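Examination of the molecular architecture
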Amino acid sequence: MAEEKKPFYITTTLPYVNADPHVGFAMEFIRADVIARFKKLLGHDVFFNTGTDEHGQKLFDGAQEKGVAPQEFVDSFAEKFKDLKPLLGISEDVHFIRTTDEHHVRAAQEFWKICDQNGYIYKKEYKIKYCVGCELEKTESELVDGKCPIHPNRELEIREEENYFFKWSEFQEKLLTFYEENPSFVTPDFRYNEIKEFVKRGLEDFSISRLKEKMSWGVPVPGDDGHVMYVWFDALVNYISTLGWPDNGGNFEKFWVEGDTVQYAGKDNLRQQSAMWQAMLMAAHLPNTGNIVINGFITGDGGVKMSKSLGNVVNPYDVVEEYGTDALRYYLLREVSSYEDSPFTMELFKQAYNANLVNGIGNLTNRIMKLAEDNLEEPVSVEVNCFDSKFENALNNFDIKKATDFIWSKVSELDSFIENEKPFSVVKEDKEKGRKLIVEMVQNLAVIGYHLQPILPEAASKIREAIEANKKPETPLFERK
RNA sequence: CGCGGGAUGGAGCAGUGGUAGCUCGUCAGGCUCAUAACCUGAAGGUCGCGGGUUCGAGUCCCGCUCCCGCAACCA
């Protein structure tokens, strides 16, 4: 009874390329990768998407400062983000979309046209607050007591500008109904609650274009040379343009329409992913996302924000260089809270690394394989082909930490088993009995290795290789630091 | 003002109303297959504060304090 597995789609948010990749995005990318690998092992056809968000004001400004063309500027950053794939041990087949890709630009324009045809886009005058002192537009969040903090003695000028708007306000009821009908749409619950409360308080239409004369680095608005799209509107469309949309059939039909869809995002993206983007999909008469998973933030010591000025920024490149890919994955998957903010310091990292990777799984592999190598004539043939239901349930609920905890509880059980059964001394007195114990241990190690595949792919294959060769690994899985 | 989160032994965290757990660290034993690794035991907490509901609350309700994030045309 081979049951047909549903196609599975998973994506990260697209990081904005105005800075080097940070550890928060690394976590999002790695977590999505774990789910993608897991679904693949379960036999699903998986489409895994990531990429870079490359339009907008900051990149336009950045390019001007450097005196290069915007495209050249974002090209260099896009390469850095592509480098994350090998660095973080991401699945080979991940799709990498850039919002400057020709196909994406066309898709964004098509998406705009459809929303427009459906009556959800309109043009209106909108008032901006302008500080003559700075010669800049000021947003509400920049103001202190309603004044520019740099020029508090000057009154802000109100200037009028014509922009296109998206009728978000029309989707309040539709979104609330959608939330009602899909009780597990956002994980975790408290984030879902947060967005529901936000939508209940009412939605205001948001601006989706910029005057080209002020900021030209964006997707041209169809049928109006004077505007480019506001970066959010274009970037969100990547989740379907990566599937070939608007071309019908193919991957879009298979994954977005027929399959299960999951979007990973940081908590700063809750509103955009679970309310703005969902309203946009509704406006275009396209299916909504299946699940949104919201991560917490990585902080510095004591829960303070990571910042260059505090010198507490953890760079994923440095961590991988010293400790390896799996070590970084391990920390971000198990030592970091699934949904709350968590600190990442090198001290905490090193402690967890030595305790659980060196002394835990690494040492366990060595002690078992040494016994096997010395006492068994040939490799133990093991055929593990399914996950423990606890592990599977945890991952189906995106609780990677809980799934990883399960693996380490098995490590601990095996260490206790060795202590209690003492195969190393039994084998000296009763060779057959001792061998049986050792075979059992190798089999249990194989189970651990199997479950480790989506979590720590490198370590999983080293364990498998050691078992197949019936040899203790030549170099430890994890070097003591 | 408002919305959301957090406050649990030295540190980081789990905890579904019913004897307060896990990892690290500390201390004391044990083992020797293993990367001075592993196993067992111990010390250490009035679960932010004050009320309430309940036979019983870290867990539910009310009030308060402190910390973090959001507060939309920034991305």
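Note that the structure is a prediction, hence the values are computed from the model and not measured. (Residues numbered from 1 in each chain as written. Chains lettered and ligands numbered in written order. Predicted model: local features only at pLDDT ≥ 70, side-chain atom pairs only at ≥ 80, totals over all residues. Heavy atoms only, no water.)

Overview of the packing of helix H12 (residues 316-323) against helix H13 (residues 325-335)
In the contact formed by H12 and H13, the axes pass within 7 Å of each other and the chain directions differ by 120°. In terms of their interaxial angle, H12 and H13 are classed as oblique. Where H12 approaches H13, its residues Pro316, Val319, Val320 and Tyr323 are matched on the opposing element by Thr325, Ala327 and Leu328. Here the contact of H12 with H13 is composed, by residue class, of six nonpolar, one polar and no charged. (Axes fitted to C-alpha atoms, helices over the stretch in contact; angles between N-to-C directions. Helix = DSSP H or I, 4+ residues; strand = E, 2+ residues; numbered from the N terminus. Parallel < 35°, antiparallel > 145°, perpendicular 65-115°, else oblique. Contact = heavy atoms within 4.5 Å. Nonpolar A, V, L, I, M, F, W, Y, C, P; charged D, E, K, R; others polar.)

Re the environment of glutamate 468
Within the secondary structure layout, glutamate 468 lies in helix H19 (residues 457-469). With 88 residues separating them in the primary sequence, glutamate 468 and valine 380 have C-alpha atoms 7.3 Å apart.

Structural notes on the sheet that holds strand S12 (residues 291-295)
Ordered by their spatial adjacency, six strands build an open sheet running S3-S2-S1-S11-S12-S7, and the pairing between neighbours is parallel. Two strands lie at the open edges of the sheet, namely strand S3 (95-98) and strand S7 (186-187), each paired on one side alone. Of the strand pairs in this sheet, S7 and S12 are connected by two bridges, and their pairing is parallel. Residue valine 186 lies in a different strand from S12, and its bridge partner there is isoleucine 292. Here helix H3 (residues 70-82) sits on the sheet and contacts strand S2 (46-52) and S3; the angle it forms with S3, its principal contact strand, is near 160°. (Pairing = 2+ DSSP bridges.)

Side note on the pattern of salt bridges
Applying the stated criterion to the full structure yields 23 salt bridges. Close ionic contact of glutamate 197 with lysine 200 constitutes a salt bridge, the shortest N to O distance being 3.6 Å. With glutamate 197 and lysine 200 both in helix H7 (residues 189-200), this residue pair falls three residues apart, about one helical turn. We classify glutamate 197 as partly exposed; its relative accessible area is 35%. Connected via shared salt-bridge partners are Asp33, Arg37 and Arg329. (Salt bridge = Lys/Arg side-chain N within 4 Å of Asp/Glu carboxyl O. Buried < 20%, exposed > 50% of the residue type's maximum accessible area, 1.4 Å probe, protein only.)

Quick word on unusual backbone geometry
Most of the time, phi is negative for any residue but glycine, and the peptide bond is trans. Note the cis peptide between threonine 187 and proline 188, where omega equals -5°. Residue tryptophan 245 is joined to proline 246 through a cis peptide bond whose omega torsion reads 10°. With respect to the element layout, proline 246 can be found in the loop between helix H9 (238-241) and helix H10 (250-257). At lysine 422, a position not held by glycine, the phi torsion is positive, near 45°. Within the element layout of this structure, lysine 422 appears in the loop between helix H16 (400-421) and helix H17 (423-429). Phi is positive for asparagine 470, close to 50°, though the residue is something other than glycine. For asparagine 470, a relative accessible area of 8% corresponds to the buried category.

A short note on the domain arrangement of chain A
Along its sequence, chain A is carved into domain 1 (8-295) and domain 2 (346-469). Distance from the C-alpha centre of domain 1 to the C-alpha centre of domain 2: 42 Å. Contact with domain 1, which involves 14 residues of that partner, is made by eleven residues of domain 2. When residues of domain 1 are sorted by the area they lose upon contact with domain 2, Val34, Phe38 and Leu41 head the list and together hold 47% of the total. On the surface where domain 1 and domain 2 come into contact, there are zero salt bridges. The interface formed by domain 1 and domain 2 holds one residue pair in polar contact (both at pLDDT 80 or more) in total. At the level of secondary structure, the elements contributing two or more residues to the side of domain 1 that touches domain 2 comprise helix H1 (23-41), strand S11 (260-266) and S12. Considering each element in turn, the side of domain 1 that touches domain 2 owes the most residues, seven residues, to H1. Taken together, the residues that form the side of domain 1 that touches domain 2 break down as eight nonpolar, three polar and three charged. (Domains from an automatic or database assignment. Buried area = accessible area lost by both parts, 1.4 Å probe. Polar contact = N/O pair within 3.5 Å; in protein donor to acceptor, adjacent residues only side chain to side chain.)

With respect to the pairing of S2
Of all the seven residues making up S2, seven are buried; the element is thus mostly covered by neighbouring parts of the structure. Side chains Val46, Phe48, Thr50 and Thr52 of S2 all project onto a buried face; the interleaved residues Phe47, Asn49 and Gly51 project onto the opposite face, where all are buried too. As paired strands, strand S1 (residues 8-11) and S2 are joined by four bridges and run parallel to one another. Each residue of the ladder has a partner; that of threonine 11, found in S2, is asparagine 49. Considered for its hand, the β-α-β crossover made up of S1, H1 and S2 is right-handed. Here four bridges tie S2 to S3, and the two strands are oriented parallel to one another. When the bridges of S3 are listed, threonine 50 appears paired with phenylalanine 96. (Right-handed = clockwise from strand over helix to strand, strands pointing away.)

Comments concerning the environment of lysine 58
Looking at the secondary structure, you find lysine 58 in helix H2 (residues 57-66). Placed 179 residues apart in sequence, lysine 58 and valine 237 show a C-alpha to C-alpha distance of 20 Å. Not counting the four nearest positions on each side in its chain, lysine 58 is found in contact with Tyr16 and Asn18.

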